[in-house]
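The chain contents come next:
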Amino acid sequence: GSSQVIRNVVQRGTSKLRLGMTQEMVVLISESGDEIFCMNPKQGQYIRCPVKGTSNVHFNIQAMTVTSNNDIYILVGEYWTRLTLLVYNHLENVWEQQSSLPEVDGDLDENFIVEVGGHLYHLGFYSPEDLNEFLLMRKYDNRRDQWLECSQLQFPTIGHGGLGSVEARHAVSCGGQIYFIRETEWHRYNPTDNQWYKITLPNTYECYNSYAIVAIETEIFCDDVMYDTSSDTWCDLPEFTPSAISTNGAFVCRCFVREGQLHTLVHHRLDMRVGDHFARRVQAFQICVLDRSEGTWTDLKVTLPVDWKENLSGDFDEFPCVARMYLPSLTASVAD
């Protein structure tokens, strides 16, 4: 069954990787899924690599996560049709289909996948017109190849009935629990009792960038604040100010964690009008790392290859992920 497939894939994809042949890298996935862009920004190493396994699925990435076992999972499909879970096989450099999620009534505005305690969870935000918004959640039981319903999270807000919401929303696992974050509210899910709990926020809290939300051990970083889940305390972070590369000040920050440190990938953009439409062009990329002891951000002064800039010029809807990539497989695929 599919559960056996998952165990076999995990064995092929991670435990058989030769020691010393993997490297922790930042990974960006192309919109069509047929290429991955891997980089070690400190060493100036960049690998652009084709990936197999995208021809049999509708490849529209809805969500992505890297598990504690170094497995890269992505959720693909349309918002309103059945979603498919794929896993990256490190040895063969191919996307492999794992499971299809049961369809739900109505359109999901946004999807997330996270791992807690070795289990995958799917969270789908639903905003039906003239009805209260809610968050459905399902846990994957790999022994029975089933998605089990978990406690839903209800919101008093009346939905907009479409996919046009620009509200920042994100789900992240931290300290063995799941956190669902919106612009003005946080909720915590405890897998042990299958219950949601609302978190009291500071009076000054606001979150407008869902791409800037990541977790390190028991801490969640969100924009310019940090929440310590173990002590239920908040503190401000040093303000991040990108370099003045963008001529019109347009930039997008996406955060990731590498070597236990908070990084931000900045896309500097220039919006150019062509007829009645805007053609967006990325001018430059910038990667900075936070030195918490000094309270400062340091620019790593990365220089991306020209072909990277050309192919990463669109907006990335997904986060950069960080995983230990198997270098022999990547280099062999590039050579092919």
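Refer to the structure above for everything that follows.
The rules behind these values
Residues numbered from 1 in each chain as written. Predicted model: local features only at pLDDT ≥ 70, side-chain atom pairs only at ≥ 80, totals over all residues. Heavy atoms only, no water. Helix = DSSP H or I, 4+ residues; strand = E, 2+ residues; numbered from the N terminus. Contact = heavy atoms within 4.5 Å. Areas by Shrake-Rupley, 256 points an atom, 1.4 Å probe, with all protein chains shown as cover. Pairing = 2+ DSSP bridges. Axes fitted to C-alpha atoms, helices over the stretch in contact; angles between N-to-C directions. 1 Å grid on protein atoms, 1.4 Å probe; cavity = no way out; pocket = protein on both sides within 12 Å on 5 of 7 lines; lining within 4 Å. Points joined across faces, edges and corners; volume = space filled by probe spheres on them. Nonpolar A, V, L, I, M, F, W, Y, C, P; charged D, E, K, R; others polar. Patch = residues over 30% accessible without salt bridge, like charges linked within 9 Å, V, L, I, M, F, W, Y side chains within 5 Å. Salt bridge = Lys/Arg side-chain N within 4 Å of Asp/Glu carboxyl O. Lys, Arg positive; Asp, Glu negative; His and termini not counted. Charge placed at Lys NZ, Arg CZ, Asp CG, Glu CD. Buried < 20%, exposed > 50% of the residue type's maximum accessible area, 1.4 Å probe, protein only. Polar contact = N/O pair within 3.5 Å; in protein donor to acceptor, adjacent residues only side chain to side chain.

Details of the overall build of the protein chain
Assigned secondary structure in the protein chain consists of 3 helices and 25 strands. The long-range fraction of contacts in the protein chain, counting pairs at least 24 apart against all pairs at least 6 apart in sequence, stands at 51%. Here the protein chain displays about 16,100 Å² of accessible surface, and carbon together with sulfur accounts for 46% of that area.

Concerning the sheet that holds strand β4 (residues 61-66)
Here 4 strands make up an open sheet; going across it, the order is β4-β5-β6-β7 and the pairing antiparallel. Every other strand in the sheet has two partners, leaving β4 and β7 (94-100) as the edge strands with one partner each. Averaged over all neighbouring strand pairs, the angle between strand axes comes to 25 degrees, with direction disregarded. Across 6 bridges, strand β6 (residues 84-89) lies against β7 in antiparallel orientation. The residue of β7 that forms the bridge with T84 is S100.

A look at the layout of surface pockets
Roughly 410 Å³ of volume is contained in the second largest pocket. Lining the second largest pocket are 18 residues, with N209, A212, D223, D224 and F240 positioned closest to its centre. Sorting the residues of the lining of the second largest pocket by element identifies β18 (219-222), β21 (250-258) and β22 (261-274) as the ones contributing at least two each. Here the element with the most residues in the lining of the second largest pocket is β21; it accounts for 3 residues. Broken down by class, the residue content of the lining of the second largest pocket amounts to 13 nonpolar, 2 polar and 3 charged.

Regarding a negative patch on the surface
Residues D223, D224, D236 and E239 make up a contiguous surface patch of negative charge. You can see D223 is positioned in the loop between β18 and β19 (225-228).

Here's the deal with unusual backbone geometry
What you tend to see is this: most non-glycine residues have negative phi, and most peptide bonds are trans. In this model, N93 sits at a positive phi of 55 degrees, which is unusual for a non-glycine residue. Note that N93 resides in the loop between β6 and β7. Phi angles above zero are rare outside glycine, and E259 is one such case at about 55 degrees.

Quick word on the environment of D291
Position of D291 among the secondary structure elements: in strand β23 (residues 277-291). Here D291 falls in the partly exposed class, since its relative accessible area comes to 27%. Between the C-alpha atoms of D291 and H263, which are 28 residues apart in sequence, the distance is 9.7 Å. Within the local environment of D291, its side chain forms a polar contact with the side chain of S293, the two groups lying 2.6 Å apart. Side-chain polar atoms of D291 contact the backbone nitrogen of E294, separated by 3.1 Å.

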